[in-house]
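Inside the fold
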2 protein chains.
Amino acid sequence: MFKIILNNIFDTAIIGSGPAGFSAVLNLYARKKKIILFGNFKFSAIYKAKKIKNYLGEKEISGLELLDKFYNHINSVNIDHISKNVSQIFYNNEIFSINCDNNIYFSKTIILATGVSRQKNIKNEEKFLGRGVSYCATCDGIFFRNKTICIISYDKSQEHEIIFLSKLAKKIYLFFDYKKININTNKDNVIILQDTVKEIIGENNLVGVSFYDRNKILECDGVFIFKKSISPKELLSGIKINKDKSIKINKNCETNLSGVYACGDCAGGIYQLNKAIGEAQIAAQNAAKFLDKNF
Amino acid sequence: MFKIILNNIFDTAIIGSGPAGFSAVLNLYARKKKIILFGNFKFSAIYKAKKIKNYLGEKEISGLELLDKFYNHINSVNIDHISKNVSQIFYNNEIFSINCDNNIYFSKTIILATGVSRQKNIKNEEKFLGRGVSYCATCDGIFFRNKTICIISYDKSQEHEIIFLSKLAKKIYLFFDYKKININTNKDNVIILQDTVKEIIGENNLVGVSFYDRNKILECDGVFIFKKSISPKELLSGIKINKDKSIKINKNCETNLSGVYACGDCAGGIYQLNKAIGEAQIAAQNAAKFLDKNF
């Protein structure tokens, strides 16, 4: 089930397929680095922008048209692109392991260009993260074999994870935050609830969730949350963040973790296209320097 | 002779017509600021670049084509553009005075996007700056009435300054650093020398210049140097610079002088297109904030 992609160790894994991620690709490609890019540009903040007037050379263009143009540019260079979200990154033995959609990829450096999540955490989500709350069915599903779990899905593209969990868990309470759920499970252990989770309940241990319409607690052993993007702290343990939850970087776009760079909206500052693209160029150049020095 | 443009006080004067200057224009225009842009894009570092492959959306484009595209974009917004070089900026009474080609313009804030000069200073040029060496005929010509001066011209577009000085000075030794000098003076006090100045000579006071082919000193009272770009310190007195002669900025692109911002190559770091454009966006946003708060 877990597929480990060991035949390839990448020089740099770029997490995020918005303008910052794309700019990092071009600038590392120019330095002949072996690159893997993760993410889907449809999640980029500018995807829905109707009119962009400050991208030099384009008098007026929609976010979609511009991303499409960028994407065509990226496609003209030879890199690996996985258009799915990364759920977690680990560091071990001078190499980063990247967990994306049931596969593990390896890379010597990381550039975080994840944008910012416009989505608020559920109450106590952070408190119980790793102690009952998980973002990764592949990583943690096994701990909930024959148990009762609650799934909160914000991301239609991760619905296959629900199927996977339905084969392990005894009972699933399923909440979703989009128009129509589309899972095809012949298991009758999945109970779909048209409601919104309010709080994850528990003193020291997670005991259940409460939701809006009914004022009672739904007991469960664990909570899986599938989001379009997860916070940097949850993505890469130990990374230093600012008070506004952006990733702390210096002027070289270096984070506190050696070999890890951040750029664009996720690194704070103004949420603007050109700033993101420019910062990605700095991150890419410094990642290239790091690679040349250390590998 | 000095024309003071007082009917217009601009919100922001952007010094430099490369990608950084252009990006600053768009981002301040979007905030409805009254902008004046100085400089000629032909002096931009990328003007001669044959192939640019890392401007997102353009798989391969020449520097000239890209600048042309940028310039068309800038021309579609309604701003003032003076395609000549600024020789000096002064601060007085909460307003900056900008000296450009014998005219004085006024602005509430300044964005420096001057790029870097690839031209080395002549020996002792900095030592005698303001004490015999000048970059500005209009500002300092008057001090050399009936005296002997040396002119070193690196910039054909400033040749009219030579005419102006020939009417004031007793004698002019003229050196130039391009193919053909094209001045039309009926004065016989201009002696054109096909040579290169090596050093400005003097212990405490400037006494003359020495040049390569002949090993003697040419005595004079002052030296005028006409360059395509001048260093930030010479442009705006009191501005703090780094050891590498770039302008010292913080992460908001603020310099040590209130209301003065810098971005792109002149602000140090990597000399790259996207970094310059992105930094200009940060400078523009912070200049706009400053204007909203203080004026």
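Not measured: the values here are computed from a predicted model. (Residues numbered from 1 in each chain as written. Chains lettered and ligands numbered in written order. Predicted model: local features only at pLDDT ≥ 70, side-chain atom pairs only at ≥ 80, totals over all residues. Heavy atoms only, no water.)

**Here's the deal with the pairing of strand S2 (residues 35–38) of chain B**
- Alternating residues of S2(B) divide into B:Ile35 and B:Leu37 and B:Ile36 and B:Phe38, and every residue in both groups is buried.
- Once you follow S2(B) into helix H2 (residues 63–75) of chain B and on to strand S3 (residues 80–82) of chain B, the crossover reads as right-handed. (Buried < 20%, exposed > 50% of the residue type's maximum accessible area, 1.4 Å probe, protein only. Helix = DSSP H or I, 4+ residues; strand = E, 2+ residues; numbered from the N terminus. Right-handed = clockwise from strand over helix to strand, strands pointing away.)

**A word on helix H2 (residues 63–75) of chain A**
Residue and element names in this part refer to chain A.
- Given a rise of 1.5 Å per residue, 13 residues ought to cover 18 Å, and the 18 Å separating the end C-alpha atoms of H2 matches this to within 8%.
- Among the residues of H2, Gly63, Leu66, Leu67, Phe70, His73 and Ile74 are the ones counted as buried. Mapping the buried residues of H2 onto a view down its axis gives an arc of 115 degrees, with all of them on the same face.
- Tucked into the core, H2 has its buried residues touching helix H1 (19–29), strand S2 (35–38) and helix H6 (273–294). (Expected span 1.5 Å × (residues − 1). Arc of directions from axis to C-beta. Contact = heavy atoms within 4.5 Å.)

**Some details on the interface of chain A and chain B**
- Between chain A and chain B, the residue contacts involve 29 residues of the former and 29 residues of the latter.
- The junction of chain A with chain B conceals about 2,400 Å² of combined surface from both sides, 62% of it contributed by carbon and sulfur atoms.
- Three residues stand out in chain A for area buried against chain B, namely A:Leu56, A:His73 and A:Gln281, and they jointly supply 28% of the buried area on that side.
- At the junction of chain A with chain B, the criterion picks out two salt bridges. (Buried area = accessible area lost by both parts, 1.4 Å probe. Salt bridge = Lys/Arg side-chain N within 4 Å of Asp/Glu carboxyl O.)

**Details of the environment of A:Lys293**
- Here A:Lys293 lies in helix H6.
- Along the primary structure A:Lys293 and A:Leu66 are separated by 227 residues, whereas in three dimensions their C-alpha atoms are 35 Å apart.

**Examining the confidence of the model for chain A**
All names here are of chain A.
- Summarising the model, chain A shows a mean pLDDT of 90, and 97% of its residues fall at 70 or more.
- Looking over chain A, one finds the lowest element-wise mean pLDDT in helix H3 (residues 137–140), namely 79, and the highest in strand S15 (residues 260–262), namely 98.
- ipTM for the predicted complex: 0.71, alongside a pTM of 0.77. (pLDDT = per-residue confidence, 0-100.)

**Some thoughts on the domain arrangement of chain A**
All names here are of chain A.
- Partitioning chain A into structural domains gives domain 1 (3–118 + 230–294) and domain 2 (133–226).
- Summarising the inter-unit geometry, the C-alpha centres of domain 1 and domain 2 are found 30 Å apart.
- Tallying the contact residues gives ten residues for domain 1 and seven residues for domain 2.
- In this assembly, domain 1 packs against domain 2 so that about 650 Å² is buried in total across both faces, 48% of it on carbon and sulfur atoms.
- Our count for the domain 1 to domain 2 interface comes out at zero salt bridges. (Domains from an automatic or database assignment.)

**Some words on the pairing of strand S12 (residues 208–211) of chain A**
Residue and element names in this part refer to chain A.
- The two faces of S12 match: Gly208 and Ser210 on one face and Val209 and Phe211 on the other face are all buried.
- Relative to S12, strand S11 (residues 197–201) is paired through four bridges, and the arrangement is antiparallel. Residue pairing for S12: valine 197 is matched across the bridge by phenylalanine 211.
- The loop that links S11 with its antiparallel partner S12 comprises six residues; one of these, glycine 202, has a positive phi angle of about 155 degrees.
- Judged from the three bridges that link them, S12 and strand S13 (residues 217–219) form a sheet pairing that is antiparallel. Bridged to glycine 208 within S13 is glutamate 219.
- The hairpin formed by S12 and S13 contains five residues between the paired strands. (Pairing = 2+ DSSP bridges.)

**Observations concerning the sheet that holds strand S14 (residues 222–226) of chain B**
Residue and element names in this part refer to chain B.
- The sheet built from five strands is open, its strands ordered S7-S14-S8-S9-S10 with parallel pairing. Looking at the sheet topology across the chains shown, the edges are occupied by strand S7 (133–134) and strand S10 (190–193).
- Sheet topology note: the strand S9 (residues 171–176)/S10 ladder contains four bridges and is parallel. The partner of phenylalanine 175 across the bridge, within S10, is leucine 193.

**Observations regarding the pattern of salt bridges**
Residue and element names in this part refer to chain A.
- Counted according to the given criterion, the structure contains 23 salt bridges over all chains.
- Among the salt bridges present, the one from aspartate 11 reaches lysine 108, with a minimum N-O distance of 3.3 Å. Here the residue aspartate 11 occupies a position in strand S1 (residues 3–15), and lysine 108 occupies one in strand S6 (residues 103–112), the gap between them amounting to 97 residues.
- A relative accessible area of 14% means that aspartate 11 is categorised as buried.
- Given the relative accessible area of 21%, lysine 108 is considered partly exposed.
- One salt bridge in this structure joins lysine 156 and glutamate 159, with 3.9 Å as the shortest N-O distance.

**Some points on the nonpolar core**
- Membership of the largest hydrophobic core comes to 74 residues, with the highest contact counts inside it found for A:Tyr55, A:Ile111, B:Tyr55 and B:Ile111.
- Setting aside anything within four residues of it in sequence, one finds B:Ile111 in contact with B:Thr12, B:Ala13, B:Ile14, B:Ile15, B:Ala24, B:Leu28, B:Tyr261, B:Cys263, B:Ala283, B:Ala284 and B:Ala287. (Core = buried A, V, L, I, M, F, W, Y, C linked by side-chain atoms within 4.5 Å.)

**Observations concerning the packing of aromatic side chains**
All names here are of chain B.
- Throughout the structure, instances matching the rule amount to 24 aromatic pairs over all chains.
- An angle of 35 degrees between the planes, with centres 6.0 Å apart, marks the rings of phenylalanine 22 and tyrosine 71 as tilted. Of the two residues, phenylalanine 22 is situated in helix H1 (residues 19–29) and tyrosine 71 in helix H2; the sequence distance between them amounts to 49 residues.
- We classify phenylalanine 22 as buried; its relative accessible area is 0%.
- Ring plane angle 55 degrees and centroid distance 5.0 Å describe the contact between phenylalanine 41 and tyrosine 71, whose orientation is recorded as tilted. (Phe/Tyr/Trp six-rings, centres within 6.5 Å; stacked < 30°, edge-to-face > 60°.)

**Structural notes on the relation of the copies chain A and chain B**
- When chain A is fitted to chain B, the best match, at an RMSD of 0.2 Å, comes from turning it 180 degrees and sliding it 0.1 Å along the axis. What we have between these two chains is a two-fold relation. When C-alpha positions in chain A are compared against the rotation axis, the closest is assigned to A:Gly278, at 2.3 Å. (Least-squares fit on C-alpha atoms with pLDDT ≥ 70 in both.)

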